[in-house]
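Structural overview for review
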Amino acid sequence: MRTVTLIPGDGVGPELTSAARRVVEASGVKIAWEVVTAGETAMPEHGTPLPPAVLESIRKNKVALKGPMSTPLGTGFRSVNVALRKEFSLYAGIRPCASMEGIRTPFADVDLVIVRENLEDLYAGLERQVDKDTCESIRLITREGSRRIAHAAFEYAAMNARRKVTIVHKANILKLTDGLFLETARDAAKDWPQIAVEDRIVDNMAQQLVLRPQDYDVLLCPNLYGDILSDLCAALVGGLGVAPGANLGREIAIFEAVHGSAPSFKGQDKLNPTALILTACMMLDHLHEAPAAERIRRAVRKVIAEGKVVTGDLGGTASTTSFTDAVIAGLR
């Protein structure tokens, strides 16, 4: 039996992680869940959103399933998500976005994967106030960081039978930072001659995604562009409620959905757990439980395609619990 760290998170996080946990357990995979508290819910007891026990649990178990966490805007503590990525060098953010039957969108054949560099760019947090009217932020791009994420993108493409990697950049304006990212990614592509490679300027990439998303496959992005485009791509397939995600390092992996904590919906049993259930499937793939992961994905797709027990974002009236029950019934 494998032990996995479970971080319920804030807002609707506990409800959604509970749904994902129930589905994983119904699949028959034996997991011992080590539940730890982080985020806003940890502040009253621990005085920090990221208590040492959380880090110790993840470091010991190597794998974590994490619910969404709130981050104060403008003031307060920095993002726990960013802190975890830095603490464990989770340099690769993997965010698949695929169309599903039963979800009404302009396109029916979207199958994209965003591979996002997680540690550098403006998210390095190198900010300072120059004077009372001026602040500045340093954009950090390194050759090693770019090489590492480029290799991750091409390796993912090769292992998952993907046809093409598109490098996203703004090297026409940011000639040094994005120039280095583009140059390094092109050089890395030489190790995978079987994978087609191209590049797109980020603003053109956004336009292409809303015009012809079916023309694209794996998108290799620096941190900021990957964050923005992954939300755009999620919208193409039904929204953040169906968008899973993973943060991968050399030894440790933390799996979390793309969406936020939606605190205004806390305790209402209303929101779609699909994103976190599919995120748990990515975790099962990582744990070499691919058959169980695929069974869960089929059950989710079946429930959504039937359209009888779906949540409000998908045009239905089902609760989080009833949707989860339907997926579990599909597994059986």
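First, a word on scope: everything that follows refers to the structure included in this document. Every value quoted in this text rests on a predicted model; they were computed, and no experiment measured them.

**Looking at the nonpolar core**
With 89 residues, the main nonpolar core has Ile31, Leu65, Leu219, Leu220, Met283 and Leu284 as its most contacted residues. Looking at this core element by element, the count peaks at 9 residues for helix H9 (residues 274–286). Beyond its immediate sequence surroundings of up to four residues, Leu65 is in contact with Val4, Thr5, Leu6, Ile7, Ala20, Trp33, Phe255, Leu276, Thr279, Ala280 and Met283.

**Digging into the packing of H9 against helix H10 (residues 290–306)**
At a minimum axis separation of 8 Å, H9 and H10 run at an interaxial angle of 160°. Classified by the angle between their axes, H9 and H10 sit roughly antiparallel to one another. Here H9 runs over H10; the crossing is left-handed. Along its contact with H9, which presents Thr274, Ile277, Leu278, Cys281, Met282, Leu284 and Asp285, the element H10 presents Ala290, Ala292, Ala293, Ile296, Arg297, Val300 and Ile304. When the residues that make up the contact of H9 with H10 are grouped by side-chain class, the tally is 11 nonpolar, 1 polar and 2 charged.

**A few points about the sheet that holds strand E1 (residues 2–7)**
The sheet built from 10 strands is open, its strands ordered E2-E1-E3-E12-E11-E4-E5-E10-E8-E9 with mixed pairing. Pairing within the sheet leaves two strands with one partner each, and these edge strands are strand E2 (31–35) and strand E9 (196–201). Recorded for the sheet is a direction-independent mean angle of 25° between the axes of neighbouring strands. Against the sheet, helix H4 (residues 80–87) makes contact with strand E3 (63–66), strand E4 (92–98), strand E5 (111–117), strand E11 (246–248) and strand E12 (253–256), and its axis sits at roughly 160° relative to E12, the strand it touches most. Seen against the sheet, helix H8 (residues 223–236) touches E4, E5, strand E8 (164–169) and strand E10 (218–221) and runs at an angle of roughly 160° to E5.

**Thoughts on the packing of aromatic side chains**
Within the structure shown, the criterion is met by 1 aromatic pair. Ring plane angle 15° and centroid distance 5.9 Å describe the contact between Phe154 and Trp192, whose orientation is recorded as stacked. On the criterion of sequence distance, the pair formed by Phe154 in helix H5 (residues 143–159) and Trp192 in the loop between helix H6 (177–189) and E9 is long-range, its members being 38 residues apart. One cation-aromatic arrangement involves Arg116 over Tyr123; the distance from NZ or CZ to the ring centre is 5.1 Å. Against the face of Tyr216 rests Lys164, its NZ or CZ located 5.0 Å from the ring centre.

**Points about the environment of Ile296**
Here Ile296 is to be found in helix H10. Take Ile296: its relative accessible area is 1%, and that puts it in the buried class. Spatially, the C-alpha atom of Ile296 lies 7.6 Å from that of Val327, the residues being 31 residues apart in sequence. Those residues within four positions of Ile296 in sequence are excluded, and the remaining contacts are Val23, Val24, Ser27, Ile277, Cys281, Leu284 and Leu331.

**What about the pairing of strand E7 (residues 134–137)?**
Across 4 bridges, the pairing between strand E6 (residues 127–131) and E7 is antiparallel. Looking across to E7, one finds that Asp131 is bridged to Thr134. Where E6 hands over to E7, the hairpin turn is made up of 2 residues, counted between the paired strands.

**Structural notes on the side chain of Thr324**
Counting through the fold element by element, Thr324 comes out in helix H11 (residues 320–331). One polar contact links the side chain of Thr324 to the main-chain carbonyl oxygen of Thr320, over a distance of 2.8 Å.

**With respect to the environment of Lys164**
As for its placement among the helices and strands, Lys164 is situated in strand E8. On the basis of relative accessible area, Lys164 is assigned to the buried category, the value being 15%. Along the chain, Lys164 and Asp215 lie 51 residues apart, while their C-alpha atoms are 9.5 Å from each other. Setting aside residues up to four positions removed in sequence, Lys164 forms contacts with Ile195, Ala196, Glu198, Asp215, Tyr216, Asp217 and Val218. Engagement of the side chain of Lys164 in a polar contact is seen with the side chain of Glu198, the distance being 3.2 Å.

**Re H6**
A rise of 1.5 Å per residue sets the reference length of H6, with its 13 residues, at 18 Å; its end C-alpha atoms lie 19 Å apart and thus fit the reference within 8%. When you tally the buried positions in H6, you get 10 out of 13 residues, the bulk of the element. In this fold, the buried residues of H6 make contact with H5, E8, E9, E10 and H8.

**What about unusual backbone geometry?**
Most of the time, phi is negative for any residue but glycine, and the peptide bond is trans. The phi angle at Lys62 is positive, at roughly 75°, despite the residue not being glycine. Of note, Lys62 is situated in the loop between helix H3 (52–61) and E3. A relative accessible area of 31% means that Lys62 is categorised as partly exposed. Despite not being glycine, Ala161 shows a phi value in the positive range, around 55°. Along the polypeptide, Ala161 turns up in the loop between H5 and E8.

Definitions and limits used
Residues numbered from 1 in each chain as written. Predicted model: local features only at pLDDT ≥ 70, side-chain atom pairs only at ≥ 80, totals over all residues. Heavy atoms only, no water. Core = buried A, V, L, I, M, F, W, Y, C linked by side-chain atoms within 4.5 Å. Buried < 20%, exposed > 50% of the residue type's maximum accessible area, 1.4 Å probe, protein only. Helix = DSSP H or I, 4+ residues; strand = E, 2+ residues; numbered from the N terminus. Contact = heavy atoms within 4.5 Å. Axes fitted to C-alpha atoms, helices over the stretch in contact; angles between N-to-C directions. Parallel < 35°, antiparallel > 145°, perpendicular 65-115°, else oblique. Left-handed = near helix turned anticlockwise from the far one by under 90°. Nonpolar A, V, L, I, M, F, W, Y, C, P; charged D, E, K, R; others polar. Pairing = 2+ DSSP bridges. Phe/Tyr/Trp six-rings, centres within 6.5 Å; stacked < 30°, edge-to-face > 60°. Lys NZ or Arg CZ within 6 Å of the ring centre and 35° of its normal. Polar contact = N/O pair within 3.5 Å; in protein donor to acceptor, adjacent residues only side chain to side chain. Expected span 1.5 Å × (residues − 1).

Remember, this is a structural readout, not a statement about activity or role.
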